[in-house]
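# Residue-level structure breakdown
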Amino acid sequence: MIVMQYSFTLPADYDMAIIERRIRDNGARLDDYPGLVFKVYLYARRDDAQLPSHENLYAPLYVWQDADSMRRFFSSAGFAALTQAYGWPTVDTWLLGNTPDAEWVKACTTAHKRMLSIPAHCSLNTMLSPDAERPGVLQAWNPTSWQRLEVSFDTPAAVEEGTDGAANVQHYRIGYTALGSNVLA
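Since the model is a prediction, treat every value here as computed from it, not as a measurement.

### Regarding helix H3 (residues 77-86)
The set of residues buried in H3 consists of Phe79, Leu82, Thr83 and Tyr86. For H3, the angular spread of the buried residues around the axis is 95 degrees, confining them to a single face. For H3, exposure combined with an orientation more than 90 degrees from the buried face picks out Ala77 and Gln84. For H3, the elements touching its buried residues are strand S1 (2-6), strand S2 (8-10), helix H1 (17-26), strand S4 (56-58) and helix H2 (67-74). The first or second residue beyond H3 is Gly87, which carries a positive phi of 105 degrees.

See below:
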């Protein structure tokens, strides 16, 4: 399976209510999408005191069953409309290590993303951390950049200065979670 995310950085004075409304009005359009496990509509606000962000962001995260399903999405009218409104994004992809149950993710309200380097020559069989067994954690890896993605859903992130990787934590609100036709139970 494939994890995919693109992110649009919006101006500091951007009215983020526009993004929230867009999610509310369009989020359900991907419910039952073939080959989609789930799409989490993530956004971050500079003015959010509880979940601080340096930038206003719209950054949906997808879990796809396979590459063909992801390709169909990129060829869709919905993706074309998104790129017309916000620009042509760089899309990050990872190979899925593990993911929480999609129905559980749907009940969550926050996500906390962290990127970690994969040490050279480490055992890829043991690369996923012991936290992989913890409910609510998605883990994936990218063999191009040799980075590991960890996203915890509805879990308070312990971001402390000096903590390994703390500078790489991005906090998000979840506006909606679309469940595709290939929901993992």
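### Comments concerning the layout of surface pockets
Rolling a probe over the atoms, with the probe sized like a water molecule, indicates the empty space that remains. Computed from the structure, the largest pocket encloses a volume of approximately 360 Å³. Around the largest pocket sit 17 residues that line it, and Asn26, Arg29, Lys39, Gly78 and Phe79 are the ones nearest its centre. Of the residues forming the lining of the largest pocket, the biggest block, four residues, is contributed by H3. Grouping the amino acids of the lining of the largest pocket by side-chain chemistry returns 11 nonpolar, three polar and three charged.

### Overview of unusual backbone geometry
Working note: non-glycine residues mostly have negative phi, and peptide bonds are mostly trans. Positive phi, normally seen in glycine, also occurs at His121, with a value near 65 degrees. Positionally, His121 belongs in the loop between strand S7 (110-117) and strand S8 (137-142). For Trp146, which is not glycine, the phi torsion reads 50 degrees and is therefore positive. Considering the arrangement of structural elements, one finds Trp146 in the loop between S8 and strand S9 (147-153). Exposure remark for Trp146: the relative accessible area of 39% places this residue in the partly exposed category.

### Considerations on the nonpolar core
Here is a general trend for soluble globular proteins: nonpolar side chains tend to be buried in one another's company. Ranked by size, the top nonpolar core spans 25 residues in total, and within it Val3, Phe38, Leu138, Leu149 and Phe153 carry the most contacts. Breaking this core down by element, the ones donating at least two residues are strand S3 (36-44), strand S5 (61-64), strand S6 (91-98), helix H4 (102-106), S7, S8, S9 and strand S10 (169-179). Of the residues forming this core, the biggest block, five residues, is contributed by S3. Grouped together as the second largest cluster of nonpolar side chains are 22 residues, Tyr58, Leu82, Tyr86 and Ala178 included.

Cut-off values and rules
Residues numbered from 1 in each chain as written. Predicted model: local features only at pLDDT ≥ 70, side-chain atom pairs only at ≥ 80, totals over all residues. Heavy atoms only, no water. Buried < 20%, exposed > 50% of the residue type's maximum accessible area, 1.4 Å probe, protein only. Helix = DSSP H or I, 4+ residues; strand = E, 2+ residues; numbered from the N terminus. Arc of directions from axis to C-beta. Contact = heavy atoms within 4.5 Å. 1 Å grid on protein atoms, 1.4 Å probe; cavity = no way out; pocket = protein on both sides within 12 Å on 5 of 7 lines; lining within 4 Å. Points joined across faces, edges and corners; volume = space filled by probe spheres on them. Nonpolar A, V, L, I, M, F, W, Y, C, P; charged D, E, K, R; others polar. Core = buried A, V, L, I, M, F, W, Y, C linked by side-chain atoms within 4.5 Å.

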